[in-house]
Amino acid sequence: TQLLEQSPQFLSIQEGENLTVYCNSSSVFSSLQWYRQEPGEGPVLLVTVVTGGEVKKLKRLTFQFGDARKDSSLHITAAQPGDTGLYLCAEITGNQFYFGTGTSLTVIP
Amino acid sequence: NAGVTQTPKFQVLKTGQSMTLQCAQDMNHNSMYWYRQDPGMGLRLIYYSASEGTTDKGEVPNGYNVSRLNKREFSLRLESAAPSQTSVYFCASNQGRSHTQYFGPGTRLTVL
């Protein structure tokens, strides 16, 4: 089981600011996913990255997978209140998914 | 298409009581999962079922049992609830090589 560390644990920013959250492991990821979870709901998949150095964009969200496949980042440009939620990274190993502890983001209007 | 449904949404138990959490999916997915989510701990896998008729332990299986009743339904049973099992429980499903997991809305369980 990999230990996925996410940072920061909590983040509170003003609407319009940019931010980056991180997911790190001591071992190499096979593939990595990012989810967003809103209060009272289950997580929803945002993106899957599988190739070292890969960059994927989803509107104002940019996901990067480290060259060595041991880290990933999520960058949000011009954050909006609707971005508020818990951001989780997850590694896929066979049939199992291992989740990080999450970054709780609050965007203040 | 309801996706993944879970019942009940909330439950309060006394220590030692038993209960079953129900999960159903209507997406014809082969694989189903049970997770618990605790503050600061992320999601931890309790049990999973890669296909109908099979179940396997995850990271934190102690104190739980599961049943894959058919392709649609995957239940989680607490035989003798303990306060340490107070948590939010999520069921999820995905289809074979597709790594998109779909989650239910969760069951918030409190054990007194």
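Located above this text is the structure these notes cover.
This one's a predicted model, so the numbers in the text were calculated from it and none came from an experiment.

Counted by the stated rule, this structure contains 5 salt bridges over all chains. Here Arg-60 of chain A ties to Asp-83 of chain A by a salt bridge, and the two come within 2.9 Å at their closest N and O atoms. Of the two residues, Arg-60 of chain A is situated in the loop between β6 (55-58) and β7 (61-65) and Asp-83 of chain A in the loop between β8 (71-76) and β9 (85-93); the sequence distance between them amounts to 23 residues. Judged by its relative accessible area of 24%, Arg-60 of chain A is partly exposed. A salt bridge links Asp-38 of chain B to Arg-44 of chain B; its shortest N-O distance comes to 2.8 Å. For Asp-38 of chain B, a relative accessible area of 11% translates into the label buried.

This brings us to the state of the cysteines. All names here are of chain A. For the coordinates displayed, the defined rule picks out 2 disulfides over all chains. Here Cys-23 pairs with Cys-89 through a disulfide, and the sulfurs are 2.1 Å apart. Where Cys-23 bonds to Cys-89 through sulfur, the torsion about that S-S bond is close to 75°, and the disulfide is right-handed. Residue Cys-23 is found in strand β3 (residues 19-24), and its partner Cys-89 is found in strand β9; the two are separated by 66 residues along the sequence. Side by side, Cys-23 and Cys-89 carry an identical accessibility label, which is buried.

This part is about the pairing of strand β4 (residues 32-37) of chain A. Residue and element names in this part refer to chain A. Of all 6 residues that make up β4, 5 are buried, and the element is covered over most of its length. Here β4 pairs with strand β5 (residues 44-49) via 5 bridges, running antiparallel. The residue bridging Tyr-35 from the neighbouring strand is Leu-45, located in β5. Hairpin connection between β4 and β5: a loop of 6 residues separates the two successive antiparallel strands, and Gly-40 in this loop has a positive phi of roughly 80°. As judged from the 6 bridges shared by β4 and β9, these two strands associate in the antiparallel manner.

All names here are of chain A. Across the sheet, 5 strands lie side by side as β1-β3-β8-β7-β6; this open sheet has antiparallel pairing. A single partner strand is all that each edge strand has here, and the edge strands are β1 (5-7) and β6. Pairs of neighbouring strands in the sheet enclose a mean axial angle of 15°, with direction left out of account. For β7 and β8, the ladder comprises 5 bridges, and the chain directions are antiparallel. Across the sheet, the residue bridging to Phe-63 is Leu-74, located in β8.

Turning our eyes to something else, we now look at the nonpolar core. Grouped together as the largest cluster of nonpolar side chains are 21 residues, with contacts concentrated most on Leu-32, Trp-34, Leu-74 and Ile-76 of chain A. For this core, the secondary-structure elements that each account for two or more residues are β3, β4, β5, β7, β8, β9 and β11 (103-108) of chain A. The residues touching Ile-76 of chain A, leaving out its near neighbours within four places in the chain, are Glu-17, Asn-18, Leu-19, Arg-60, Leu-61, Asp-83, Tyr-87 and Leu-105 of chain A. Counting 19 residues, the second largest nonpolar core, distinct from the first, contains Tyr-89, Cys-91, Leu-109 and Val-111 of chain B.

On to the interface of chain A and chain B, then. Between chain A and chain B, the contact holds 20 residues from the first and 22 residues from the second. The interface formed by chain A and chain B includes 0 salt bridges. Where chain A meets chain B, there are 2 residue pairs in polar contact (both at pLDDT 80 or more). Looking at the side of chain A that touches chain B, the elements with two or more residues in it are β4, β9 and β10 (96-99) of chain A. The residue inventory of the side of chain A that touches chain B, partitioned by class, reads 9 nonpolar, 10 polar and 1 charged.

Cut-offs used in this document
- Residues numbered from 1 in each chain as written.
- Chains lettered and ligands numbered in written order.
- Predicted model: local features only at pLDDT ≥ 70, side-chain atom pairs only at ≥ 80, totals over all residues.
- Heavy atoms only, no water.
- Salt bridge = Lys/Arg side-chain N within 4 Å of Asp/Glu carboxyl O.
- Helix = DSSP H or I, 4+ residues; strand = E, 2+ residues; numbered from the N terminus.
- Buried < 20%, exposed > 50% of the residue type's maximum accessible area, 1.4 Å probe, protein only.
- Disulfide = S-S within 2.5 Å.
- Pairing = 2+ DSSP bridges.
- Axes fitted to C-alpha atoms, helices over the stretch in contact; angles between N-to-C directions.
- Core = buried A, V, L, I, M, F, W, Y, C linked by side-chain atoms within 4.5 Å.
- Contact = heavy atoms within 4.5 Å.
- Polar contact = N/O pair within 3.5 Å; in protein donor to acceptor, adjacent residues only side chain to side chain.
- Nonpolar A, V, L, I, M, F, W, Y, C, P; charged D, E, K, R; others polar.

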